[in-house]
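# Geometric and topological summary
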Amino acid sequence: MNPEAPRLPLPPFTRESAILKVRLAEDAWNSRDPQRVSMAYTPDSRWRNRSEFPRGREEIRQMLERKWAREFEYRLIKELWAFDSHRIAVRFAYEYRDEAGNWFRAYGNENWEFDELGYMAERHASINDLQILADERLFHWPLGRRPDEHASLSDLGL
């Protein structure tokens, strides 16, 4: 039994609660806080993220620390693709620049599975990077949470 407090919204998901779960995940990732993000996952969560396969919160936190140490000015948009009672599929894009000043847009899909308390037990991500020019950037809000009025992936044609 997990002694942790429930992480709302809980499964079984409705369309509205799945959309909220996706937005809460986006907000956490846009904080670029590895500790905060890692706490959304079960203590033994299993991931596939590109060529890394972290297990558990500590490995997830360490992977995120490495990620954000090399991806500067990170801004992410997630969008619900599909859901069922305890699973959610999302598509996403994020923009970042590397240490040399090169800009990239990463595109991907994630499949999430949640436990009964709303923690993510599995995350399978497929991600591709595309180098872009600075004037091709589409995500221009101040670092942190994407403003509610900012265009979605669908609105941007992504």
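Just above, that's the structure.
The sections below set out a description of the structure shown in this document. (Residues numbered from 1 in each chain as written. Predicted model: local features only at pLDDT ≥ 70, side-chain atom pairs only at ≥ 80, totals over all residues. Heavy atoms only, no water.)

## Here's the deal with the environment of Thr 42
Selection criterion: Numbering of helices and strands runs from the N terminus; a helix is a DSSP stretch of H or I covering at least four residues, while a strand is a stretch of E covering at least two. Any pair of N or O atoms that falls within 3.5 Å is considered a polar contact. Within protein, one atom must be able to donate a hydrogen and the other to accept it, and sequence-neighbouring residues count only if both atoms are side-chain atoms.
With respect to the helices and strands, the residue Thr 42 is situated in strand 1 (residues 41–49). In sequence terms Thr 42 and Glu 73 are 31 residues apart; their C-alpha atoms lie 28 Å from each other. A distance of 3.0 Å separates the side chain of Thr 42 from the backbone nitrogen of Ser 45, its partner in a polar contact.

## Details of the side chain of Glu 71
Our working definition: Only heavy atoms matter for contacts: two residues are in contact if any of them lie within 4.5 Å across the pair.
One can find Glu 71 in the loop between helix 3 (56–70) and strand 2 (72–83). For Glu 71, the side chain forms a polar contact with the side chain of Lys 67, separated by 2.7 Å. Setting aside residues no more than four positions away along its own chain, Glu 71 makes contact with Tyr 94, Tyr 96 and Arg 97.

## What about the pattern of salt bridges?
Cut-off, in case you're wondering: Note on definitions: salt bridges are taken to be side-chain nitrogens of Lys or Arg within 4 Å of carboxyl oxygens of Asp or Glu. Note on exposure labels: buried denotes an accessible area under 20% of the residue type's maximum, exposed denotes more than 50%, and partly exposed covers the range between, all computed with a 1.4 Å probe on protein chains only.
All told, the structure shown has 21 salt bridges when counted by the stated rule. Across the pair Arg 105 and Glu 95 runs a salt bridge whose closest N-O atoms are separated by 2.9 Å. Note that Arg 105 is positioned in strand 4 (residues 103–114) and Glu 95 in strand 3 (residues 87–97), a separation of 10 residues in sequence. Its relative accessible area of 1% is what places Glu 95 among the buried residues. Between Arg 145 and Asp 148 there is a salt bridge, with its nearest N and O atoms 2.9 Å apart. By relative accessible area, which is 58% here, Asp 148 ends up exposed. Look at the salt bridges and you will find they share partners, linking Arg 23, Glu 26, Asp 27, Arg 145, Arg 146 and Asp 148 into a network.

## Re the sheet that holds strand 2
Keep this limit in mind: Pairing between strands requires that DSSP locate at least two bridges from one strand to the other. Axis definition: a line fit to C-alpha positions, over the contact stretch in the case of helices; interaxial angles, taken between N-to-C directions, run 0 to 180 degrees.
Across the sheet, which stays open at both edges, the five strands sit in the order 1-5-4-3-2 with mixed pairing between neighbours. Either end of the sheet is taken by a strand with one partner, and the two such strands are strand 1 and strand 2. Averaged over all adjacent pairs, the angle separating strand axes in this sheet is 25 degrees, with direction ignored. Its contacts with the sheet place helix 1 (residues 15–31) against strand 1, strand 2, strand 3, strand 4 and strand 5 (120–132), and it is angled at close to 165 degrees to strand 2. Most of the contacts of helix 3 go to strand 1, to which it runs at about 50 degrees, and overall it touches strand 1, strand 2 and strand 3.

## A few points about the packing of aromatic side chains
What counts, and what does not: Put simply, two rings from Phe, Tyr or Trp (the six-membered ring, in Trp's case) pair if the centres are within 6.5 Å, and we call them stacked under 30 degrees between planes, edge-to-face over 60, tilted for the rest. Counted as over-ring charges are cases with an Arg CZ or a Lys NZ within 6 Å of the ring centre that also lie within 35 degrees of the ring normal.
By the definition in use, this model includes 11 aromatic pairs. A centroid spacing of 5.5 Å and a plane angle of 75 degrees characterise the contact between Trp 68 and Tyr 74, whose relative ring orientation is edge-to-face. The same class applies to Trp 68 as to Tyr 74, namely buried. Note on Phe 92 and Tyr 94: the rings are 6.2 Å apart at their centroids and 10 degrees apart in plane angle, and the pair reads as stacked. A single burial state applies to Phe 92 and to Tyr 94, both of which are buried. Connected via pairs of aromatic rings, a cluster forms that spans Trp 29, Tyr 41, Trp 47, Trp 68, Tyr 74, Phe 92, Tyr 94, Tyr 96 and Phe 104. Sitting above the plane of the Phe 92 ring, Lys 78 keeps its charged end 5.1 Å from the centroid. Here the basic side chain of Arg 123 rests over the ring of Trp 47, its NZ or CZ set 4.2 Å away from the ring centre.

## Looking at unusual backbone geometry
Note the cis peptide between Leu 8 and Pro 9, where omega equals -10 degrees. Within the fold, Pro 9 resides in the segment before helix 1. In this structure, the amide linkage connecting Pro 11 to the following residue, Pro 12, adopts the cis form with an omega of 5 degrees. Turning to its location among the elements, Pro 12 is positioned in the segment before helix 1. For Arg 32, which is not glycine, the phi dihedral falls at a positive 55 degrees. By relative accessible area, which is 27% here, Arg 32 ends up partly exposed. Positive phi, close to 55 degrees, is recorded for Arg 50, a residue that is not glycine. By the element assignment, Arg 50 lies in the loop between strand 1 and helix 3.

From the geometry alone we can't say anything about function, so treat these as descriptive.
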